[in-house]
Amino acid sequence: MSNCYTIGVIRGDGIGAEIVDEAIKVLDAVASSENLSFNYKDYLMGGVAIDETGVPLPAETVDGVKLCDAILFGAIGGPKWDSVERHLRPESGLLALRKEMGTFANLRPAIVYDELVNASTLKPEILKGVDIMVVRELTGGIYFGQPREQHADRAFNTMIYTREEVLRIAKVGFEIAMKRDKRLCSVDKANVLEVSQFWRDIVEEVAKDYPEVALSHMYVDNAAMQLIREPKQFDVILTGNIFGDILSDAASMLSGSIGLLPSASTGEGVGLYEPIHGSAPDIAGQGIANPIATIASAAMMLRYSLGETKAADKIDNAIKKALSEGYRTGDIGAFDAKEVCATEEMGSIIANYASQV
Ligand code: NAD
């Protein structure tokens, strides 16, 4: 009997539909060889939802995706909706969805594919072999802390973490480290901030349950420098909301293109899987977007929400094979492309390899 999963699909705006279609193509290719079956259910979010329903996150979407096993999401937003009131903008739909799903853990891998070491602005010898997972706390910290106020003569925000919030994200970090190289670097600013010392103490506590994981601590300013100086020293980086926001963007640029990197947001409810990039309105509809970030997000979905590790490995290996065979989309194509592919071609090549490897 095959394992059957219901996937909530949110294509969104701009290149969203183009890239999600390719991820589905690859999922279907791996399904047939791994005896899996996927039931896709489409939901609206973002600008397209505003146009059709007047709001960026319709109630039907929230109710529907809650019943799914995982959510595969493309991207939202675009100039058409830039003048809409802030709380009705496409982006507010995504923030609301994350909140609804209780996704407190944001996983952002920064992988440098061997074939693309020349695509980055850093030297190849610094980059070859980089494989980092940034585990960022997503629903607490200074972005959500109360009180927060802005006045004519002063403004403030509050950086607050509860014990429960740090415990649960630390556990996610250690669990992921156990599945990788068993090295975890917790990043904070404990030399200045009480909330960071609190974070560090709780991470130390959780570490006792994971004796196989080598734990280190680093101040965030040093971590920013070390990511550029010697990124290979990192396996898992565990950090809070604001530090993770900044460090994961810096880490993503090690790979060479924003079109390559996936992400997962997991937690209490249904996991949300999406590329780290936006809706790329400048290239939407041209069929040239890189679908790899979304295809790799589908692999993360198989790994972290569905527990289908073998199928996830097949997709990751198929991406590597396509790149090692010299296939490139335009964003990574200027260097050593055998062939510059359109979105659909790249999806078909990866789907073909995923069904074989
Ligand atoms: P963007 O990530 O959409 O694009 C930045 C640049 O990267 C553009 O030149 C684009 O063409 C290129 N790019 C992005 N993805 C690519 C891909 N897969 N292949 C090839 N090139 C790619 O960021 P932006 O231009 O700042 O934002 C555009 C819209 O997307 C805005 O409305 C923004 O609010 C929204 N946005 C949405 C999300 C999301 O849905 N999660 C994230 C970021 C931005």
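Up top you'll find the structure we're talking about.
A brief structural summary.

Let us now look at the overall build of the protein. For the protein, the helix and strand inventory stands at 12 helices and 14 strands. In terms of overall dimensions, the protein is globule-like: its C-alpha atoms have a radius of gyration of 20 Å, near the 21 Å expected for 357 residues. The buried share of the protein, reckoned over its 357 residues, is 53%. Sequence separation of at least 24 residues holds for 75% of the intrachain contacts in the protein that already meet a minimum separation of 6. For the protein, the accessible area works out to roughly 15,300 Å², and carbon and sulfur atoms hold 51% of it. Counting 34 positive and 51 negative side-chain charges, the protein places the averaged centre of each group 4 Å from the other.

Summed over the entire model, instances satisfying the criterion amount to 2 cavities of 30 Å³ or more. Looking at the largest cavity, its volume works out to about 60 Å³. Lining the largest cavity, in full, are Met159, Tyr161, Val187, Asp188, Val195, Ser196, Trp199, Thr239, Gly240 and Phe243. For the lining of the largest cavity, the secondary-structure elements that each account for two or more residues are β8 (183-188) and α7 (194-207).

Quick look at the site of the ligand now. For the ligand, the set of nearby residues contains 21 residues, the closest of which are Glu91, Gly278, Ala280, Asp282 and Asn290. For the ligand, an oxygen atom lies 2.9 Å from a polar atom in the backbone of Ile76. Contacts to the ligand include Gly78, whose backbone N or O atom sits 3.0 Å from an oxygen atom. Isolated, the ligand exposes 810 Å² of accessible area, and the fraction of that covered by the protein chains is 68%. Of all the secondary-structure elements, those providing two or more residues to the shell around the ligand are β3 (70-75) and α4 (90-101). Tallied by class, residues from the shell around the ligand come to 10 nonpolar, 7 polar and 4 charged.

Moving on, we come to the pattern of salt bridges. The tally for this structure, following the rule as stated, stands at 24 salt bridges. Among the salt bridges present, the one from Glu100 reaches Lys66, with a minimum N-O distance of 3.1 Å. Here Glu100 is found in helix α4, whereas its partner Lys66 is found in helix α3 (residues 59-66), with 34 residues between them in sequence. Put simply, Arg183 and Asp181 hold a salt bridge, and the shortest N to O gap is 2.9 Å. We classify Arg183 as partly exposed; its relative accessible area is 29%. When its relative accessible area of 47% is taken as the criterion, Asp181 is described as partly exposed. Counted as one network, the salt bridges with shared partners bring together Arg11, Asp21 and Asp42.

Moving on, we get to α3. Taken as a whole, α3 has its buried residues at Thr61, Val62, Gly64 and Val65. Buried residues along α3 sit in contact with β1 (3-12), β3 and α4.

A word on the packing of aromatic side chains. By the definition in use, this model includes 4 aromatic pairs. When the centroid spacing of 6.1 Å and the interplanar angle of 35 degrees are considered together, the rings of Phe38 and Tyr40 count as tilted. The class of Phe38 is buried, set by a relative accessible area of 12%. Three or more aromatic residues joined by ring pairs make a cluster, and in this case those are Tyr5, Phe38 and Tyr40. Its end group placed over the ring of Tyr353, Lys321 keeps NZ or CZ at 4.9 Å from the ring centre.

Looking at helix α8 (residues 220-229), one finds that the buried residues are Val220, Ala223, Gln226 and Leu227. One side of α8 carries all its buried residues, which in axial view fall inside an arc of 110 degrees. Elements that come into contact with the buried residues of α8 comprise β5 (131-137), β8, β9 (214-219), β10 (236-239) and α9 (241-252).

This next bit is on the environment of Ser355. Inspection of the secondary structure assignment puts Ser355 in helix α12 (residues 343-356). Sequence-wise, Ser355 and Ile315 are 40 residues apart; in three dimensions their C-alpha atoms are separated by 8.7 Å. Setting aside anything within four residues of it in sequence, one finds Ser355 in contact with Ala29 and Ser33.

Turning our eyes to something else, we now look at the sheet that holds strand β12 (residues 272-275). If you walk across this open sheet you meet the 10 strands as β2-β1-β3-β12-β11-β4-β5-β10-β8-β9, and the pairing is mixed. Among the strands making up the open sheet, the edge pair consists of β2 (36-42) and β9. Ignoring which end each strand starts from, the neighbouring axes of this sheet average 25 degrees apart. Of the pairings in the sheet, the one linking β8 to β10 comprises 4 bridges and is parallel in character. Within the sheet, the bridge partner assigned to Cys185 lies in β10 and is Ile237. Contacts from helix α6 (residues 163-179) reach β4 (105-111), β5, β8, β9 and β10, with the element oriented near 165 degrees to β5.

Another point: the packing of helix α10 (residues 292-304) against helix α11 (residues 309-324). Where α10 contacts α11, the two axes come as close as 7 Å, and the packing angle between them is 160 degrees. By the angle class used here, α10 and α11 are roughly antiparallel. Relative to α11, the crossing made by α10 is left-handed. Where α10 abuts α11, its residues Ile292, Ile295, Ala296, Ala299, Leu302 and Arg303 lie against Thr309, Ala311, Ala312, Asp313, Ile315, Asp316, Ile319 and Leu323. Of the residues that constitute the contact of α10 with α11, the class distribution is 10 nonpolar, 1 polar and 3 charged.

Reading guide: rules and limits
Residues numbered from 1 in each chain as written. Predicted model: local features only at pLDDT ≥ 70, side-chain atom pairs only at ≥ 80, totals over all residues. Heavy atoms only, no water. Helix = DSSP H or I, 4+ residues; strand = E, 2+ residues; numbered from the N terminus. Rg over C-alpha atoms; globule rule 2.2 N^0.38 Å. Buried < 20%, exposed > 50% of the residue type's maximum accessible area, 1.4 Å probe, protein only. Contact = heavy atoms within 4.5 Å. Areas by Shrake-Rupley, 256 points an atom, 1.4 Å probe, with all protein chains shown as cover. Lys, Arg positive; Asp, Glu negative; His and termini not counted. Charge placed at Lys NZ, Arg CZ, Asp CG, Glu CD. 1 Å grid on protein atoms, 1.4 Å probe; cavity = no way out; pocket = protein on both sides within 12 Å on 5 of 7 lines; lining within 4 Å. Points joined across faces, edges and corners; volume = space filled by probe spheres on them. Near = heavy atom within 4 Å. Polar contact = N/O pair within 3.5 Å; in protein donor to acceptor, adjacent residues only side chain to side chain. Nonpolar A, V, L, I, M, F, W, Y, C, P; charged D, E, K, R; others polar. Salt bridge = Lys/Arg side-chain N within 4 Å of Asp/Glu carboxyl O. Phe/Tyr/Trp six-rings, centres within 6.5 Å; stacked < 30°, edge-to-face > 60°. Lys NZ or Arg CZ within 6 Å of the ring centre and 35° of its normal. Arc of directions from axis to C-beta. Pairing = 2+ DSSP bridges. Axes fitted to C-alpha atoms, helices over the stretch in contact; angles between N-to-C directions. Parallel < 35°, antiparallel > 145°, perpendicular 65-115°, else oblique. Left-handed = near helix turned anticlockwise from the far one by under 90°.

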